[in-house]
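# Descriptive analysis of the structure
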Amino acid sequence: MRHLFIVDPLPQLLVNKDTSVVIMREASQRGHEVFTAQVEYLDVGEGGRPRVRMHPTQVRDADPWFETSPSQYAHLQDFDVIWMRTDPPYDMNYFYATHLLDLAPASTLVLNDPKGLREVGEKLFVLHFPDICPDTLISRQIDELLAFRDKLGGEMVIKPLGGCGGVGVFHLTSEDRNVRAILEMATRDGAEYQVAQRYIPEVRNGDKRIILLDGEPIGAVLRVPAGGESRANFHAGGRALRAELTPRDREICARIGPALREHGIFFAGIDVIGDWLTEINVTSPTGVQEINALDGVRLEAQILDGVEKKLRDKRGE
Ligand SMILES: Nc1ncnc2c1ncn2[C@@H]1O[C@H](COP(=O)(O)OP(=O)(O)O)[C@@H](O)[C@H]1O
Ligand SMILES: [Mg+2]
């Protein structure tokens, strides 16, 4: 089986943290071939055929963890599985890349489905489930955002629509005299939307990342923010703690699972704070290595089993 991983530059992937790394390693241990590319090398060549300049890649138990051969062009049809795992920002180039991936033939499995990557906005999709997500306002009007904070009792979180890793996430309170200046910067004077959300105080106990495979939860980890920090993301220094799935977590997964399957979101990572669903990560969810370490599991084996089955089903084998 031939896997193409469209990822950020390999030297940027942390060998002991990154989910793509363990999926690549598992594929390679199964005797599959691994190829890697950066999204900017995805294009359409002569004859309208989608192609990519990629590197045959060996995954090793050494430092560095990879070895790449010189780049070469391949057509998307040359791969059995294409993993689109580029990190946000979700910008126009990302959007266009999903259209190029749509040109892959039916025999190639693209994960997540490019159509799903267009339909399921990471910060927006939760709004389809208003009863399980916190009060949310999406606006680029500074006065509207301020009024929402006041309606919530003087406290809210704002975040950009297309970000990740806690970048641009602020906890705003009414005591803070910088709020308007922060909103001016965050919206770029009204040019960009912000998500404003009710602040959930239980975040001090952690933000739970639940990994879903084809709409079913397969593991979870709690990320606890560092002291003096609002953001629980691992990128922002969040600490990983073992987590069980509560009945409420299972209820949330059961609500969104069918919609994820319907949109071809095979691999997702949702964020649950207290009883509330705050985000559905579909572009390059992470957390697998932390869950493996805390639970003594190897989720990547389950993930690859799922991929092999999905490919067989797709090809009617
Ligand atoms: N509604 C909220 N209440 C409290 N904290 C929040 C809320 N939303 C986000 N946060 C904090 O900000 C962090 C990042 O927010 P998130 O919505 O997951 O965006 P991303 O991870 O894509 O940057 C969370 O881990 C959490 O610490
Ligand atoms: Mg998050």
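As a reminder, the structure under discussion sits directly above these lines.
Rules behind the numbers
Residues numbered from 1 in each chain as written. Chains lettered and ligands numbered in written order. Predicted model: local features only at pLDDT ≥ 70, side-chain atom pairs only at ≥ 80, totals over all residues. Heavy atoms only, no water. Helix = DSSP H or I, 4+ residues; strand = E, 2+ residues; numbered from the N terminus. Rg over C-alpha atoms; globule rule 2.2 N^0.38 Å. Buried < 20%, exposed > 50% of the residue type's maximum accessible area, 1.4 Å probe, protein only. Contact = heavy atoms within 4.5 Å. Areas by Shrake-Rupley, 256 points an atom, 1.4 Å probe, with all protein chains shown as cover. Lys, Arg positive; Asp, Glu negative; His and termini not counted. Charge placed at Lys NZ, Arg CZ, Asp CG, Glu CD. Phe/Tyr/Trp six-rings, centres within 6.5 Å; stacked < 30°, edge-to-face > 60°. Lys NZ or Arg CZ within 6 Å of the ring centre and 35° of its normal. Donors = N, O, S within 2.8 Å, 3.2 Å for Na, K, Ca; no water. Pairing = 2+ DSSP bridges. Axes fitted to C-alpha atoms, helices over the stretch in contact; angles between N-to-C directions.

### Focus on the overall build of the chain
- On a plain count of helices and strands, the chain comes out with eight helices and 17 strands.
- Taken over C-alpha atoms, the radius of gyration comes to 20 Å for the chain, in line with the 20 Å a tight globule of 317 residues would show.
- Its C-alpha atoms put the chain at 55 × 45 × 40 Å along the principal axes.
- Counting only residues that meet the buried cut, the chain has 51% of its 317 residues in that class.
- A sequence separation of at least 24 residues applies to 65% of the contacts in the chain between residues at least 6 apart.
- Element-wise, carbon and sulfur atoms account for 48% of the exposed surface of the chain, whose accessible area totals about 14600 Å².
- Separation between the mean location of the 37 positive side-chain charges and that of the 48 negative ones in the chain comes to 1 Å.

### Quick word on the packing of aromatic side chains
- Enumeration according to the criterion identifies six aromatic pairs in this entry.
- For the pair W65 and F66, a centre-to-centre distance of 4.9 Å together with 70° between the ring planes defines the contact as edge-to-face. Grouping residues by exposure puts W65 and F66 together as buried.
- Ring centres of F125 and F129 lie 5.9 Å apart, and the angle between their planes is 65°; on these two criteria the pair is classed as edge-to-face. Across the pair, exposure class does not vary: F125 and F129 are buried alike.
- Between R140 and the ring centre of Y193, over which it is positioned, the NZ or CZ distance is 5.1 Å.
- Sitting over the ring of F234, R223 keeps its end group 6.0 Å from the ring centre.

### Section: the coordination of the magnesium ion (ligand 2)
- At this site the magnesium ion (ligand 2) is bound by D271 (OD) and E279 (OE), with donor distances of 2.1 to 2.3 Å.
- The exposure class of D271 is buried, given its relative accessible area of 3%.

### So, the sheet that holds strand β16 (residues 267-273)
- The strand order β15-β14-β13-β16-β17 describes an open sheet built from five strands, whose pairing is antiparallel. Only two strands of the sheet have a single partner each, and these edge strands are β15 (239-242) and β17 (276-281). Across the sheet, the axes of successive neighbouring strands diverge by a mean angle of 30°, strand direction being ignored.
- Of the strand pairs in this sheet, strand β14 (residues 216-224) and β15 are connected by four bridges, and their pairing is antiparallel. By the bridge assignment for β15, V221 is matched with R242.
- Sheet strands in contact with helix α8 (residues 299-314) are β13 (207-213), β14 and β16, and its direction is about 145° off that of β14.

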